[in-house]
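# Working through the structure, step by step
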Amino acid sequence: MKLRTYERRHNKEMGKSIIGIRQFTILVILFTVGSSILITPSGLAAEAKQNAWIAAILSVCIGLLTVFLYQALVRQFPNQTLVQMCETLFGIWIGKIVSLLYFCFFFLLAALVLRNIGDFVVTQVLPDTPLQFILMIFLAVVIMASRQGIETIARTGEIFFPWVMIFFFAMVLFLAPQFRLIQLKPYLGEGIIPVIRASFPFTGTPFMELIVLLMVIPFVNCVKKANKAFFVGTLIAGILLIMITLISILVLGAGITARNLYPSYSLAKMISVGKFLERLEVLMAGIWFITIFFKLTICFYASVLSFAQVIKMEEIRPLCFPFGMILIVLSIVTYPNESYFLNFVSKIWFPYAFTFGLLLPICMIGLSLFRKGEKYNG
């Protein structure tokens, strides 16, 4: 399917690059921070304890290497989405099968993110509200955003990103008096193995999920600069996640961080300035709602767009509402409770994300180089 078709049919979204470099960088940051800022410190501390921040650094380094792999794919196919790359490399039929597998990955990831929203709101904010109602309200906004297209999503990101940074650094500033360096000791008391073990789930979420952005990167107005923006956005988001993990250990300690499902939200409750500025959990909630909205929207948009490209649809808007209804059911059925969700993320999600976020891209790069070598020798 040519990109020009989507330019005519879907708000000029395909065929003409419409996202600026800064906008794409912001989308990368918001996507990467996503739900991770709320739940990552707990998972890291459960395994690495007080060395969770070291595990976070290791995961970010691996994540940046993964981004280099995605950059290589983009250089090989600068104006193609991931679905089009698959069809170019594997042929029409095998390429469609691989593309459908990626669609399932994107859609399942969207269901996971949506359930994160529902569980957080029901347990922390509105405990008497039915889960289904929360999911429907939030997803309605996501569907509207997806129907407007990636340009509108990117411009909205530009508006909200400064508020995310203001809220984040305000929280760090207010919590600074409660930092206790003793909480970080002993360094590597149990060796490096627990740190490496803890870094695996964090690498799967969110860094191997960045493959989703290969459905968006063809819309950037300069592909060469887009690769740099991809790296810079991932690095900035990684630093933010390292900081929130380190702060959780410094303030709460490794034990409380590991036992608390949302340790960064608990951090905000501990803010106390002059006995009049207290319990500013709205700061963390604001950060999280903004970032997870963009992560969910990008995942949902990528899944709808990938399916449309596989079946050669010229318009993706008719798919948004039915796919949204399916997503609500999937998020409820797939993750029945928080205990199941934690077990799924810690034990199952990493190999699943590894397959789509690292293994298949490596195969695609290898196949591309092999074909180039064959063509050169021929």
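Refer to the preceding data block for the structure.
Keep in mind the model is a prediction, meaning the values are calculated, not measured.

Quick notes on the rules
Residues numbered from 1 in each chain as written. Predicted model: local features only at pLDDT ≥ 70, side-chain atom pairs only at ≥ 80, totals over all residues. Heavy atoms only, no water. 1 Å grid on protein atoms, 1.4 Å probe; cavity = no way out; pocket = protein on both sides within 12 Å on 5 of 7 lines; lining within 4 Å. Points joined across faces, edges and corners; volume = space filled by probe spheres on them. Helix = DSSP H or I, 4+ residues; strand = E, 2+ residues; numbered from the N terminus. Nonpolar A, V, L, I, M, F, W, Y, C, P; charged D, E, K, R; others polar. Axes fitted to C-alpha atoms, helices over the stretch in contact; angles between N-to-C directions. Parallel < 35°, antiparallel > 145°, perpendicular 65-115°, else oblique. Contact = heavy atoms within 4.5 Å. Phe/Tyr/Trp six-rings, centres within 6.5 Å; stacked < 30°, edge-to-face > 60°. Buried < 20%, exposed > 50% of the residue type's maximum accessible area, 1.4 Å probe, protein only. Lys NZ or Arg CZ within 6 Å of the ring centre and 35° of its normal. Salt bridge = Lys/Arg side-chain N within 4 Å of Asp/Glu carboxyl O. Core = buried A, V, L, I, M, F, W, Y, C linked by side-chain atoms within 4.5 Å. Disulfide = S-S within 2.5 Å.

Looking at the largest pocket, its volume works out to about 500 Å³. G43, L44, P201, V345 and S346 are, among the 24 residues lining the largest pocket, the residues nearest its centre. Contributing elements (two or more residues each) for the lining of the largest pocket: α3 (36-48), α9 (193-204), α11 (254-259) and α15 (338-377). The greatest single-element share of the lining of the largest pocket, amounting to 8 residues, is contributed by α3. Looking at the lining of the largest pocket residue by residue, the class counts come to 14 nonpolar, 7 polar and 3 charged.

Looking now at the packing of helix α2 (residues 21-33) against helix α13 (residues 281-310). Axis separation between α2 and α13 bottoms out at 7 Å; the angle between their running directions is 105°. With respect to α13, the element α2 is oriented roughly perpendicular. Facing L27, L30, F31 and V33 of α2, the residues of α13 in contact are T291, F294, K295, I298 and C299.

With that settled, consider the packing of aromatic side chains. Per the stated rule, a full pass over the model turns up 32 aromatic pairs. Ring centres 6.0 Å apart and planes at 35° place the aromatic pair Y102 and F106 in the tilted group. With a gap of 4 residues between them, Y102 and F106 both fall in helix α6 (residues 92-125), about one helical turn apart. Take Y102 and F106: they sit in the same class, and that class is buried. Here a set of aromatic residues connected by ring pairs shows up, and it is made of F120, F138, F160, Y262, Y265, W288, F289, F293 and F294. Positioned over the ring face of F31 is K295, at 5.5 Å from the centre of the ring.

Another aspect to go through is empty space enclosed by the protein. If you walk through the whole model with that rule in mind, you get 2 cavities of 30 Å³ or more. Considered as a void within the structure, the largest cavity measures approximately 60 Å³ in volume. Residue lining of the largest cavity: S35, I39, L109, L112, V113, N116, T205, E209, K295, F341 and V345, and that is the complete set. Counting only elements with at least two residues in the lining of the largest cavity, the list comes to α6 and α15. Here the lining of the largest cavity takes 4 residues from α6, the largest share from any one element. Here the residues of the lining of the largest cavity sort into 6 nonpolar, 3 polar and 2 charged. In this model, the second largest cavity occupies a volume close to 40 Å³. As for the second largest cavity, its lining consists of I39, N116, D119, L261, Y262 and F341. When grouped by side-chain class, the residues that make up the lining of the second largest cavity number 4 nonpolar, 1 polar and 1 charged.

For the coordinates displayed, the defined rule picks out 7 salt bridges. For E87, the salt bridge goes to K96, with nearest N and O atoms at 3.4 Å. When sorted by exposure, E87 lands in the same class as K96, which is buried. Here E151 makes a salt bridge to R155, at a shortest N to O gap of 2.7 Å. Of this pair, E151 and R155 both sit in helix α8 (residues 150-175), 4 residues apart, roughly one helical turn.

Another point: helix α5 (residues 82-90). Of all 9 residues making up α5, 7 are buried, and the element is well covered by its neighbours. One or two steps after α5, the chain reaches G91, where phi turns positive at roughly 90°.

Grouped together as the largest cluster of nonpolar side chains are 143 residues, with contacts concentrated most on F230 and L296. Considering every element that reaches this core, the biggest residue donor is α13, with 19 residues. Among residues more than four places away in sequence, those in contact with F230 are F24, V28, V67, Y70, Q71, L210, L213, L214 and I217.

Tracing the sequence through the fold places Q124 in helix α6. Since its relative accessible area comes to 30%, Q124 is described here as partly exposed. Separated by 49 residues in sequence, Q124 and R75 place their C-alpha atoms 44 Å apart. Ignoring sequence-local partners within four residues, the contact set of Q124 consists of Y262, Y265 and K269.

This model, assessed by the stated rule, comprises 0 disulfides. With no disulfide partner, C363 has as its closest neighbouring cysteine sulfur the one in C86, 11 Å distant. Given a relative accessible area of 42%, C363 falls into the partly exposed group.

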